[in-house]
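# Coordinate inspection notes
Each chain, letter by letter, is given below.
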Amino acid sequence: GCKKIGYITYWDMGDFYFFEHFAVLKNLRDQGYGSRFISEFFPTLNKPAFFEVERPVDELTTRRIEFYKRNGLVVNDFDYYQPSYHGADDRVPMRIVSYKKLISNKEYNYFINKIKENVYNIKN
């Protein structure tokens, strides 16, 4: 049978994928499920993929960044703030993580403008 080990949500933005959530259930972490998912699913993608991840400010966020790096994702060095979901000024400082290669400044601006408009409903 099936066993729920976590969840992932992503947007097919036409010419790239934006992963909004990726998590393994807390009691099942450190068993290789996340690594296995990345190693089996990401190579099947036929266009760029990226997502937001919290900046490494404590043990948990540092471990998360290191997990992504070990699994073929790269951390782009752009100053990025996740827009508020609530319309208030509670935006979160993040990093953009991409699969296999760094993204250019031009790609970054394109991707971010498109997700702000389609995911966060912010018109530029």
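See the structure above.
Residues numbered from 1 in each chain as written. Predicted model: local features only at pLDDT ≥ 70, side-chain atom pairs only at ≥ 80, totals over all residues. Heavy atoms only, no water.

This part is about the pairing of strand β2 (residues 17–24). Relative to β2, strand β1 (residues 6–12) is paired through seven bridges, and the arrangement is antiparallel. Looking at β2, one finds that Y10 is bridged to F19. In terms of strand pairing, β2 meets strand β3 (residues 49–54) through three bridges, oriented parallel. By the bridge assignment for β3, F19 is matched with F51. Regarding the hand of the β-α-β motif, the stretch spanning β2, helix α1 (residues 33–41) and β3 is right-handed. (Pairing = 2+ DSSP bridges. Helix = DSSP H or I, 4+ residues; strand = E, 2+ residues; numbered from the N terminus. Right-handed = clockwise from strand over helix to strand, strands pointing away.)

Attention shifts here to helix α2 (residues 59–70). Taking 1.5 Å of rise per residue, the twelve residues of α2 would be expected to cover 16 Å, and the 16 Å separating its terminal C-alpha atoms lies within 8% of that figure. Along α2, the positions that sit buried rather than exposed are T61, I65, F67 and Y68. Down the axis, α2 shows its buried residues gathered within 155° of arc, on one side only. Exposed side chains of α2 directed beyond 90 degrees from the buried face belong to E59 and R70. Its buried side turned inward, α2 meets β2, α1, β3, β4 (73–82) and β5 (92–99). Between the side-chain oxygen at the start of α2 and the backbone nitrogen of L60 there is a gap of 3.3 Å, and the oxygen is on D58. Just downstream of α2, G72 is the residue with a positive phi angle, here 90°. (Expected span 1.5 Å × (residues − 1). Buried < 20%, exposed > 50% of the residue type's maximum accessible area, 1.4 Å probe, protein only. Arc of directions from axis to C-beta. Contact = heavy atoms within 4.5 Å. Polar contact = N/O pair within 3.5 Å; in protein donor to acceptor, adjacent residues only side chain to side chain.)

So, about the environment of A49. Mapped onto the secondary structure, A49 falls in strand β3. In this view, A49 contacts Y17, F19, F42, V97, S98 and Y99; residues no more than four positions away in its chain are not counted.

So, about the pattern of salt bridges. Under the definition given, this model contains nine salt bridges. The partner of K101 in a salt bridge is E107, and the shortest N-O contact between them spans 3.6 Å. A relative accessible area of 24% means that E107 is categorised as partly exposed. (Salt bridge = Lys/Arg side-chain N within 4 Å of Asp/Glu carboxyl O.)

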